[in-house]
Amino acid sequence: MESLAQLEALCERLYNSQDAAERAHAESTLKCFSVNTDFISQCQYILDNAFSPYALMLASSSLLKQVTEHRLSLQLRLDIRNYIISYLARRGPELPSYVTGSLIQLLCRVTKLGWYDDDRFRDVIKECMNFLSQATSDHYYIGLKILNQLVAEMNQPNPGFPLTHHRRVACSFRDQSLFQIFQISLTSLRQLKNDVENRLRESALSLALKCLSFDFVGSSLDESSDEFGTVQVPASFCIPSSWRPFLEDPSTLQIFFEYYAITKPPLSKEALECLVRLASVRRSLFTNDTERSKFLAHLMTGTKDILQSGQGLADHDNYHEYCRLLGRFKVNYQCSFQLSELVNVEGYSDWIRLVAEFTSRSLQSWQWASSSVYYLLGLWSRLVTSVPYLKSDTPSLLDEFVPKITEGFIASRFSSVQAALLDDLSEDPLDNVELLQDQLDSFPYLCRFQYEGSSLYIIKLLEPILQSYTERARLPSTGDIDDLFVVEGQLAWVVHIIAAIFKIKQTTGCSAEPQELIDAELAARVFQLINVTDTGLHTKRCDKISKQRLDRAILTFFQHFRKSYVGDQAMHSSKQLYARLSELLGLHDHLVLLNVIVGKIATNLKCYTECEEVIEHTLTLFLELASGYMTGKLLLKLDTIKYIIGHHTRENFPFLDEYKCSRSRTTFYYTIGWLIFMEDSPVKFKTFMDALLQVFLNLESTPDTVFRTDTVKYALIGLMRDLRGIAMATNSRRTYGLLFDWLYPTHMPLLLKGITLWTDTPEVTTPLLKFMSEFVLNKAQRLTFDSSSPNGILLFREVSKLIVAYGSRILSLPNGNDIYAYKYKGIWISLTILSRALSGNYVNFGVFELYGDRALADALDIALKMTLSIPLADILAFRKLTRAYFGFLETLFHNHISIVVNLDTSSFMHIVGSLESGLKGLDSNISSQCASAVDNLAGFYFNNITAGEATSSPTTINLARHIADCPNLFPEILKTLFEIVLFEDCANQWSLSRPMLSLILINEQIFSDLQAQILASQPADQRPRLVVCFTKLMADVTRSLEPKNRDKFTQNLTIFRHDFRVK
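**Student:** Would you take a moment to explain the overall build of the protein for this structure?
**Tutor:** Of the regular secondary structure elements, the protein holds 53 helices and zero strands. Here the protein has a C-alpha radius of gyration of 34 Å; the compact-globule value for 1063 residues is 31 Å, and the two agree. Principal-axis analysis of the C-alpha atoms places the extent of the protein at approximately 85 × 85 × 70 Å. Looking at the protein as a whole, 54% of its 1063 residues are labelled buried. Sequence separation of at least 24 residues holds for 75% of the intrachain contacts in the protein that already meet a minimum separation of 6. Only carbon and sulfur atoms are counted for the fraction: they give 51% of the accessible area of the protein, which is about 45,100 Å². Once the 104 positive and 117 negative side-chain charges of the protein are each reduced to a mean point, those two points are 3 Å apart.

**Student:** Any chance you could explain the packing of aromatic side chains here in plain terms?
**Tutor:** Pairs of aromatic rings are described using the distance from one ring centre to the other and the angle between the two planes. Counted according to the given criterion, the structure contains 55 aromatic pairs. Ring centres 5.0 Å apart and planes at 85° place the aromatic pair Phe796 and Phe845 in the edge-to-face group. Linking Phe796 in helix H39 (residues 791-810) with Phe845 in the loop between helix H40 (819-838) and helix H41 (846-850), this pair joins segments that are 49 residues apart in sequence. Given the relative accessible area of 1%, Phe796 is considered buried. Look at Phe845 and you get buried, because its relative accessible area is 14%.

**Student:** Looking at this structure, I do not really get the packing of H39 against H40. What am I missing?
**Tutor:** Each pair of packed helices gets described by two things: the angle between the helix axes and the distance between those axes. Orientation of H39 relative to H40, taken along the N-to-C sense of each, is 160°, at an axis distance of 11 Å. Classified by the angle their axes make, H39 and H40 are roughly antiparallel. Viewed along their axes, H39 and H40 form a crossing whose handedness is left-handed. Packed against H39, whose contacting residues are Phe796, Val799, Ile803, Tyr806 and Ile810, the element H40 presents Tyr822, Lys823, Gly826, Ile827, Ser830, Ile833, Leu834, Ala837 and Leu838 at the interface. Here the residues of the contact of H39 with H40 are counted per class, giving 11 nonpolar, two polar and one charged.

**Student:** Looking at this structure, I do not really get the pattern of salt bridges. What am I missing?
**Tutor:** In a structure, side chains of opposite charge can pair up when their charged atoms sit close to one another. Applying the stated rule across the entire model yields 54 salt bridges. The partner of Arg13 in a salt bridge is Glu22, with the nearest N and O atoms 4.0 Å apart. Here Arg13 falls in the partly exposed class, since its relative accessible area comes to 31%. A salt bridge links Arg353 to Asp350, with the shortest nitrogen-to-oxygen separation between them at 3.9 Å. Here Arg353 and its partner Asp350 are both found in helix H18 (residues 348-364), three residues apart, which amounts to about one turn of the helix.

**Student:** Where do I start with unusual backbone geometry in this structure?
**Tutor:** The linkage connecting Pro265 with the following residue, Pro266, adopts the cis geometry, with an omega of 5°. Secondary-structure assignment places Pro266 in the loop between helix H13 (250-262) and helix H14 (267-279). Across the junction of Tyr744 and Pro745, the peptide omega takes the value 0°, indicating a cis bond. Along the chain, Pro745 turns up in the loop between helix H36 (733-743) and helix H37 (748-757). A positive phi is found at Leu397, a non-glycine position, where the angle reads about 65°. On the secondary structure map, Leu397 appears in the loop between helix H19 (373-385) and helix H20 (398-422). Within the chain, Asn841 stands out as a residue other than glycine whose phi angle is a positive 60°. Classification of Asn841 by relative accessible area gives exposed; the value is 74%.

**Student:** Even after reading the chapter, I still don't get the environment of Glu94, so can you show me in this structure?
**Tutor:** You can see Glu94 is positioned in the loop between helix H6 (74-91) and helix H7 (97-113). Overall, Glu94 belongs to the exposed group, its relative accessible area being 57%.

**Student:** How should empty space enclosed by the protein be read in this particular structure?
**Tutor:** In this approach the atoms are scanned with a rolling probe the size of a water molecule, which exposes any empty space left behind. Taken as a whole, this structure holds two cavities of 30 Å³ or more when the rule is applied. One number sums up the size of the largest cavity: a volume of about 40 Å³. For the largest cavity, the full set of lining residues is Met748, Leu751, Leu752, Met772, Glu798 and Leu802. Where the lining of the largest cavity is concerned, the elements lending two or more residues are H37 and H39. The element best represented in the lining of the largest cavity is H37, accounting for three residues.

Each value, and the rule that gives it
The written sequence of each chain sets the order in which its residues are numbered from 1. Since the coordinates come from a predicted model, pLDDT governs what is reported: local features require at least 70, and pairs of side-chain atoms require 80 or more to be given and counted, while whole-chain, interface and lining totals use all residues. Side-chain metrics in this entry use all non-hydrogen atoms of the structure; hydrogen atoms and water are not considered. In DSSP terms, a helix is any run of H or I states spanning at least four residues, a strand is any run of E spanning at least two, and both are numbered starting from the N terminus. Using C-alpha atoms as the atom set, the radius of gyration is obtained and then compared with a globule rule of 2.2 Å times the number of residues to the power 0.38. For every residue, the accessible area (1.4 Å probe, protein chains only) is compared with the maximum for its type, and the residue is labelled buried under 20%, exposed over 50%, or partly exposed between those bounds. Throughout, a residue-residue contact means that at least one pair of heavy atoms, one from each residue, lies within 4.5 Å. Using a 1.4 Å probe, accessible areas were evaluated by the Shrake-Rupley method; residue-level cover was limited to the displayed protein chains. Charge counting follows a simple rule: Lys and Arg are positive, Asp and Glu are negative, and His as well as the terminal groups are ignored. Every charge is mapped onto a representative atom, which is NZ of Lys, CZ of Arg, CG of Asp or CD of Glu. Aromatic rings from Phe, Tyr and Trp, with only the six-membered ring used for Trp, were paired whenever their centres fell within 6.5 Å, and each pair was classed as stacked if the ring planes differed by under 30 degrees, edge-to-face if by over 60, and tilted otherwise. For helices, the fitted axis covers only the stretch in contact; all axes are lines through C-alpha atoms, and the angles between them, taken along N-to-C directions, range from 0 to 180 degrees. Orientation is classified from the angle alone, with under 35 degrees giving roughly parallel, over 145 giving roughly antiparallel, 65 to 115 giving roughly perpendicular, and any other angle giving oblique. Helix crossings are classified by the rotation of the near helix relative to the far one: an anticlockwise turn of less than a right angle makes the crossing left-handed, while a clockwise turn makes it right-handed. Gly is put with the polar residues, along with every residue not named as nonpolar or charged; the nonpolar set is Ala, Val, Leu, Ile, Met, Phe, Trp, Tyr, Cys and Pro, and the charged set is Asp, Glu, Lys and Arg. Salt bridges are defined by distance alone: a side-chain nitrogen of Lys or Arg within 4 Å of a carboxyl oxygen of Asp or Glu. Residues are said to line a cavity or pocket when one of their atoms sits within 4 Å of a point; the points come from a 1 Å grid over protein atoms alone, cavities being sets where a 1.4 Å probe fits but cannot get out and pockets being open sets with protein on both sides within 12 Å along at least five of seven lines. Grid points are joined across faces, edges and corners, and a volume is the space filled by probe spheres set on the points.

Right under this line is the structure:
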């Protein structure tokens, strides 16, 4: 670079040029600053001398990349830290905000990465206090920005920074610094309350919110989630007990209520977010009941004032956050207030009245507040479910307000149907499955609270609409289509609501006789509707979206009604309901009612040819019915079921001919297969398979020259999906044997022909490979052949042919635009097939080598080639590929370790290195698979090299050579395992302990060196205690991998982990 002026010109082109080629040239020229550590001093020179903000931005971003991606010396990192702090103090106020932000990010990144390297990195808060004590507001602002970025940096993992290290640093920062920063934010908020400069208040409020949103337990939960069960709780639930004094101080809550009152959006929304976090703290955090009651009273007073004034609620974000705040009053037992506490607070009656009025207004404004209503309904549902446990004499007043809210919700749903008709652009709430489920999860509790009144209201609404719909069925033409759209929409909502009421019957235990009779009254209206939906004019409207919505609602009703009154557990506990249904409709027992449901299923499968949602939903219900032992037996008695089994062709069920519904074919044949196999009849099975046999014969007779036509393509796809469904239904040796004998050996060549001629077409190969994946799966020990049978070996030879044919061809093809769909998906299914076949225990693999059969060797060879063709980053990026890859490696290391060991060193290192990456992942199943693979490898090394006699087997020699070429391989894996066990909340400690012992026994010097590293990273005053912990870890552990010795080490490791983590 000839001059600073040239560099500034290049930087300006890099950030501002509209010419892509010019930007690319500038980026290429300036790249050296971010990749070469020799240019770090030049970056400092640029910061000191450049005037162009783009040059300053280049220097800052380059340093950030250098610090993140390179292992810089400790002194250099300290120098960068000290330089940035002094630079911000000197020039920070005059710099553009984006340059300041980049420099602050650099400072915080250096601080995080060096947190355990030198105590001076932890002095960053002291440095921030120097900024905050300056006279100028600019310095104050920079100090707050540093703290904001520091909390954010500590709360988020960094790419390339091991997750175990991140958690260690985050926990240390939480314990040592976070509370102090939160105190600073509160102090700043109080000082800045009357300040006219909005940016300072914004920064202080943002800092408080970041502190309260910190991931205190290392679970990385999304704070917007409201799934607060016993497992998933908001991060602020786990605020440390040391924060108690500040949380019990009334001024803490008050400052956020005041900021909501004095600021405008988006600041007012952040103030509400802080209140939401504070309202979510666990009950046990408070000193006693009195302090918790004071806190609750303060929250109720603040929220009541907002309701009375309405201030800020015209802003949608404020409105939504305020609804979340109300929802936190009653979440669960651990992190909310009990109804008895609420009713005893002074002013409860005014508060509950205002909340009820607010809820009613929200329901009326459903379009504006659709996502916010969820929190309000959740609050009311949890209040009404608490009434049975209310022991206070003070009335809850819920009897007065809940019926109004119930009626308001139903009225708002009817309004949504009218609105959807008038505005084609708005999404109909009936189509938003997630929102529909959220609202209907809470609302039924309100209906059941005063069930008799609610049911009468629903019936009163439903009957005139049902009467109108019945009359329309008799008309010769549709007439007013819009009117019919509205009627079907309203009916769909009522059916969904009734379905939801039945859904919660199981959880609430509403089995009292009066409730059962009311259930019968509501169910009767839905069954009356079913008699109408598929008669007369309505049979011709299956292509209309409103009819499809209604039928989906009916299917949902069937699903929930079945679980309460038709399932195996309900056979003898629903007499009152059936007595009433018999009086109203003649439905006197389970079989008659099942016939109605199956009739609707058959009608949907016949009439709906292109609506995937209805077909899929119908088949899901069909499968649920067939899967139940008693309901399955009852189904076989019905003529409709006999018809479906005997006429399962596209002529009778047109959806089978629609390609976009082809995925549903698997479920269809899975269900029919389940019913067929309930009867022990090979003759019925063979008769059932005649339709598929005809497809096989047609395809087998098709010459290769015309095999790549659309007709063959769709026939082959459908056939494979059908066969997969039938294979899924085989759950015993007998039923699997029927399918195996039907398929092998006559029809297996067609599979090989299909995979060979259609390799480049994932639409064909995916269903074919998925069928084979199901066919080789030994679930419930169904693949158990006679001792004299060669079927297991013959089946594996077919698997080998298929894998080799697919793998050899797919590897030779160029990558498509969507590499996952084009290549990776087929590869992961192939690996799954091979893993299942290798671990199924129905093949003696020694036979292949003994008789010179290359089926096993060829299959493993092509599988390894496929795995090595995929970059590790891609393997880890696609979840299903990740699972298949590591599952295959576990099987390979367990049963065929010589195949891996005999690879070249580069390939061996790649595979074993990928196991270390899998250990670091968040999925405990994958982590356990990797641990098992590492244990098998390390155990083999220990038994055959460390403790074994000198042997000349090629496998042993190759493994010794690999480890000699890569001496850091085992130490790095052992280090990773220790970091996971010591610094993470691992759920699979037992699995991780197995390879740890194997690795320690291989070379105890490795363990000694690692012990020294871990001790050096801990505070000096803790080291003597930790030395004792390490000594106890190996107590009574011998140099062997016997099961008893392994169990002793695992037991010691549990104690070691507990003692090590004690503060």
